[in-house]
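Spelled out, the chains give:
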Amino acid sequence: MIELARIEMHVAHSCNLACESCSHFSNQGHKGLTGLEEAERWMAGWAPRIALNEFSLMGGEPAIHPNFPRFLPLVRRHWPDARIRLVSNGFLLARHPDLPRIMAELGNVRLYISIHHDSPAYTERLRPTMEMLDEWRARYDIWIDTYASAKKWTRRYRGEGSTMRPYTDGLPDQSWAKCPARFCMQLFEGALWKCPPLAYLRMQHEKYRLDEIWAPYLAYEALQPDCSDAELRAFLARKAEKVCGMCPAEPERFDLPMPIHSERRREAH
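Notes on the structure in this doc start here. Since this is a predicted model, take the numbers as computed values, not measurements.

Some points on the nonpolar core
Then, in step 1: By size, the foremost hydrophobic cluster in this structure holds 78 residues, and its most contacted members are Phe55, Leu57, Leu86, Leu93 and Leu192.
Then, in step 2: Residue contacts for Leu57: discarding those within four places in its chain leaves Met9, Val11, Pro62, Phe68, Phe71, Leu72, Val75, Ile84, Arg85, Leu86 and Val87.

What follows is the structure, given as structure tokens:
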């Protein structure tokens, strides 16, 4: 068994928010859900080979998936000792009233609410969710926390849709060293991917037919579960690669626009 700190997996590719320059491309209008049987196959390919500290269920927004809570026991079956990490923006969690019970029954599950804007309007829209989560904590004694992801937000690419462009700094070592996703390995289509942008770039290309400038990054090959132990160890040990050059060498901060669709439309008018 080879030890690994964390693997992340999309439960849903779509999102109810539209955060500019999302590294998972969840602001780009993608659809699609990961099926439970599909996820079972993906996990089964790696569970006998990897001793995992944490498995993260996310998206997109995972609560969009009607069977979101059923992914938790699936992870636990394959990695009994791993912490299960749930990442959600919170707005749709009320759709899953059985989630806190399942979290409590399984144990070692943490729910993180990612805060994507610091405006009073956003805080007010989230208030009913936060009140519900306080009730969940009190009733089920489960671990729930928030983190202000918007405060650390940096631009991952320029433009969007078919006009999206990679960075051309040409300093992949520096890009990797300053990348906020450098330890966010993805389990997608049964394979392991170095990071979210590489995992979901082909999905972006299929929808928008990206420019040829993306060709070197679209050619990236993920690690398949039938790889050798030597290939697996080399993959996990690999740090900066040429493909890291698609992201900026210097983090570019910007004022994240309101990601709630209705609020953005109101601001536009």
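Having seen the model, we can carry on.
Some remarks on the pattern of salt bridges
Then, in step 1: Enumeration over the complete set of coordinates arrives at 17 salt bridges.
Then, in step 2: Note that Glu40 is salt-bridged to Arg77, the shortest N-O span being 3.1 Å. Pair noted here: Glu40 is in helix H1 (residues 36-46) and Arg77 is in helix H2 (residues 71-78), with a separation of 37 residues, a long-range link.
Then, in step 3: Residue Glu40 is classed as partly exposed on the basis of its relative accessible area, which comes to 27%.
Then, in step 4: One salt bridge in this structure joins Lys178 and Glu250, with 3.0 Å as the shortest N-O distance. On the criterion of sequence distance, the pair formed by Lys178 in the loop between helix H5 (172-177) and strand E6 (186-188) and Glu250 in the loop between helix H8 (229-237) and helix H9 (261-268) is long-range, its members being 72 residues apart.
Then, in step 5: Since its relative accessible area comes to 46%, Glu250 is described here as partly exposed.
Then, in step 6: Through salt bridges that share partners, Arg6, Glu8, Glu54, Arg83 and Arg85 make up one connected network.

Re the packing of H1 against H2
For any two helices packed against each other, the geometry is given by the interaxial angle and the distance between the axes.
Then, in step 1: It is the contact of H1 with H2, at a shortest axis distance of 10 Å, that shows an interaxial angle of 20°. Between H1 and H2, the angle is such that the two are roughly parallel. For the pair H1 and H2, the sense of crossing is right-handed. Contact with H1, carried on its side by Leu36, Ala39, Glu40, Met43 and Ala44, involves Phe71, Leu74, Val75, Arg77 and His78 of H2 and no other residues of that element.
Then, in step 2: For the contact of H1 with H2, the per-class residue count stands at 7 nonpolar, 1 polar and 2 charged.

Structural notes on unusual backbone geometry
Then, in step 1: Positive phi is not limited to glycine here, since Asn108 has a value of about 55°.
Then, in step 2: Secondary-structure assignment places Asn108 in the loop between helix H3 (99-106) and strand E4 (109-114).
Then, in step 3: Here Asn108 falls in the partly exposed class, since its relative accessible area comes to 42%.
Then, in step 4: The phi dihedral of Arg209 is positive, around 55°, even though this residue is not glycine.
Then, in step 5: For Arg209, the position within the fold is in the loop between helix H6 (196-208) and helix H7 (215-218).
Then, in step 6: The class for Arg209 is exposed, based on a relative accessible area of 56%.

A short note on H6
Then, in step 1: In this model H6 runs 18 Å from its N-terminal to its C-terminal C-alpha over 13 residues, within 8% of the 18 Å that 1.5 Å per residue would give.
Then, in step 2: Its maximal kink placed at Arg202, H6 deviates by approximately 30°.
Then, in step 3: When H6 is considered as a whole, its buried residues turn out to be Pro196, Pro197, Leu198, Ala199, Tyr200, Leu201, Met203, Gln204 and His205.
Then, in step 4: Tucked into the core, H6 has its buried residues touching strand E1 (2-12), E6, strand E7 (191-193) and H7.
Then, in step 5: Directly beyond the C-terminal end of H6, a positive phi value near 55° is found at Arg209.

Comments concerning the packing of H2 against H3
Then, in step 1: Running from N to C, H2 and H3 cross one another at 15°; their axes reach a closest spacing of 10 Å. Put simply, H2 runs roughly parallel to H3. Remark: the crossing between H2 and H3 carries right-handed chirality. Residues Leu72, Pro73 and Arg76 of H2 form the contact with H3, whose participating residues are Leu99, Ile102, Met103 and Leu106.

Rules used in this analysis
- Residues numbered from 1 in each chain as written.
- Predicted model: local features only at pLDDT ≥ 70, side-chain atom pairs only at ≥ 80, totals over all residues.
- Heavy atoms only, no water.
- Core = buried A, V, L, I, M, F, W, Y, C linked by side-chain atoms within 4.5 Å.
- Buried < 20%, exposed > 50% of the residue type's maximum accessible area, 1.4 Å probe, protein only.
- Contact = heavy atoms within 4.5 Å.
- Salt bridge = Lys/Arg side-chain N within 4 Å of Asp/Glu carboxyl O.
- Helix = DSSP H or I, 4+ residues; strand = E, 2+ residues; numbered from the N terminus.
- Axes fitted to C-alpha atoms, helices over the stretch in contact; angles between N-to-C directions.
- Parallel < 35°, antiparallel > 145°, perpendicular 65-115°, else oblique.
- Left-handed = near helix turned anticlockwise from the far one by under 90°.
- Nonpolar A, V, L, I, M, F, W, Y, C, P; charged D, E, K, R; others polar.
- Expected span 1.5 Å × (residues − 1).
- Bend = angle between axes of the 7 residues up to and from the residue.

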